[in-house]
Amino acid sequence: SINNKVANYATTKLVNTLEKSGFFNVTGPEKTDVIINASVLGVSSTEALAKNNIDAVIIPKITSLTINEFIQSRKITENDYSKKDKDGNPTKVTKIHYYLYQNVDLGFSYTIIDAKTQAVIAVKNFNSSDSISYEVDKYGFLAPDPYYMIQTMIDSYQYYITKQLV
């Protein structure tokens, strides 16, 4: 689903951003998720995280995702140079043009939790909106995937995340 795809992308970008900063030794979710989920089986996640030298856990979350797509028509008056009026001027022709609109709203947050005390160290929220429109011609149209707008939004957060955490 698009939700899983977006969540995976956001997590991967966040891990990569933290690794590239050079200030953190990052243990990816493939290991930390296993440790945290083991607490359900009676293993203390605090002890397991400490045993693996993990000082803090960062939890990314897609807090909201809305994708709205619709087609709208517009009447446009154009000059028709193939037909002239009695004075030799092009005639006016009204045509209907169709446009696909894509609107995306994204909410993203991360929470940092101290692994020893389980206290919340920091929470940061990001919200973005973007929209784009495409003219749809009469011969058919393949709509672009709005996922690329979402990727751009997530990418734009990385600078601010680095600035806040480093």
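Structure's up top.
Residues numbered from 1 in each chain as written. Predicted model: local features only at pLDDT ≥ 70, side-chain atom pairs only at ≥ 80, totals over all residues. Heavy atoms only, no water.

(A) Main features of the nonpolar core. Core analysis: the largest hydrophobic core is formed by 18 residues, its most contacted members being Leu-106, Phe-108, Tyr-110, Ile-154, Tyr-157 and Ile-161. Listing elements by their share of this core, those giving two or more residues are α1 (2–21), β2 (90–114) and α4 (147–165). Ranked by residue count, the leading element in this core is α4, at 7 residues. Among residues more than four places away in sequence, those in contact with Phe-108 are Ala-10, Pro-60, Lys-61, Ile-62, Thr-63, Lys-124, Asn-125, Phe-126, Tyr-157 and Ile-161. Within the second largest apolar cluster, 6 residues are counted, among which are Ile-35, Leu-49, Ile-54 and Val-57. (Core = buried A, V, L, I, M, F, W, Y, C linked by side-chain atoms within 4.5 Å. Buried < 20%, exposed > 50% of the residue type's maximum accessible area, 1.4 Å probe, protein only. Helix = DSSP H or I, 4+ residues; strand = E, 2+ residues; numbered from the N terminus. Contact = heavy atoms within 4.5 Å.)

(B) Structural detail: the side chain of Ser-128. As for its placement among the helices and strands, Ser-128 is situated in strand β3 (residues 120–136). Overall, Ser-128 belongs to the buried group, its relative accessible area being 17%. At 2.8 Å, the side chain of Ser-128 and the side chain of Tyr-157 are in polar contact. Apart from residues no more than four positions distant in its own chain, Ser-128 is found in contact with Val-104, Asp-105, Leu-106, Met-153 and Tyr-157. (Polar contact = N/O pair within 3.5 Å; in protein donor to acceptor, adjacent residues only side chain to side chain.)

(C) Here's a closer look at unusual backbone geometry. You will see that Asn-53, though not glycine, has its phi angle at about 55°, which is positive. Summarising the element assignment, Asn-53 is placed in the loop between α3 (45–51) and β1 (56–84). Here Asn-53 falls in the exposed class, since its relative accessible area comes to 68%. Of note in this structure, Gln-118 is not a glycine but carries a positive phi near 60°. Residue position: Gln-118 is located in the loop between β2 and β3.

(D) Geometry of the environment of Tyr-134. Following the sequence through the fold, Tyr-134 ends up in strand β3. Considered as a pair, Tyr-134 and Pro-144 are 10 residues apart in the sequence and their alpha carbons are 9.1 Å apart. When residues no more than four places from it in sequence are discounted, the contact partners of Tyr-134 are Tyr-98, Tyr-99, Leu-100, Gln-102, Phe-141 and Pro-144.

(E) Representation of the layout of surface pockets within the structure. Its volume calculated, the largest pocket comes out at about 690 Å³. As for the largest pocket, its lining consists of 23 residues, and the residues nearest its centre are Leu-18, Thr-27, Ala-56, Val-57 and Ile-58. Breaking the lining of the largest pocket down by element, the ones donating at least two residues are α1, α2 (29–38) and β1. The dominant element in the lining of the largest pocket, judged by the number of residues it contributes, is β1, at 5 residues. Class assignment for the residues of the lining of the largest pocket results in 15 nonpolar, 6 polar and 2 charged. (1 Å grid on protein atoms, 1.4 Å probe; cavity = no way out; pocket = protein on both sides within 12 Å on 5 of 7 lines; lining within 4 Å. Points joined across faces, edges and corners; volume = space filled by probe spheres on them. Nonpolar A, V, L, I, M, F, W, Y, C, P; charged D, E, K, R; others polar.)

(F) Just a nonpolar patch on the surface, in detail. Taken together, the side chains of Phe-23, Phe-24 and Val-166 define a hydrophobic patch exposed on the protein surface, amounting to about 300 Å² of accessible area. In this fold, Phe-24 is placed in the loop between α1 and α2. Phe-24 gets classed as partly exposed once you look at its relative accessible area, which sits at 33%. (Patch = residues over 30% accessible without salt bridge, like charges linked within 9 Å, V, L, I, M, F, W, Y side chains within 5 Å. Areas by Shrake-Rupley, 256 points an atom, 1.4 Å probe, with all protein chains shown as cover. Salt bridge = Lys/Arg side-chain N within 4 Å of Asp/Glu carboxyl O.)

(G) The arrangement of α1 in detail. Its 20 residues give α1 an end-to-end C-alpha distance of 28 Å, which sits within 8% of 28 Å, the value for a rise of 1.5 Å per residue. Those residues of α1 lying buried are Val-6, Tyr-9, Ala-10, Leu-14, Val-15, Thr-17, Leu-18 and Ser-21. Its buried side turned inward, α1 meets α2, β1, β2 and α4. In the stretch just after α1, Gly-22 is the one whose phi turns positive, near 80°. (Expected span 1.5 Å × (residues − 1).)

(H) View of the sheet that holds β2. Strand order across the open sheet formed by 3 strands is β1-β2-β3, with antiparallel pairing between neighbours. This sheet does not close on itself; its edge strands, each paired only once, are β1 and β3. Taking each pair of neighbouring strands and ignoring which way they run, the sheet shows an average axis angle of 10°. Direction of pairing for β1 relative to β2: antiparallel, over a ladder of 25 bridges. Bridge assignment links Thr-66 to a residue of β2, and that residue is Asp-105. Contacting β1, β2 and β3, α4 runs over the sheet at an angle of about 35° to β2. (Pairing = 2+ DSSP bridges. Axes fitted to C-alpha atoms, helices over the stretch in contact; angles between N-to-C directions.)

Treat this as a map of the structure, not an account of what it does.
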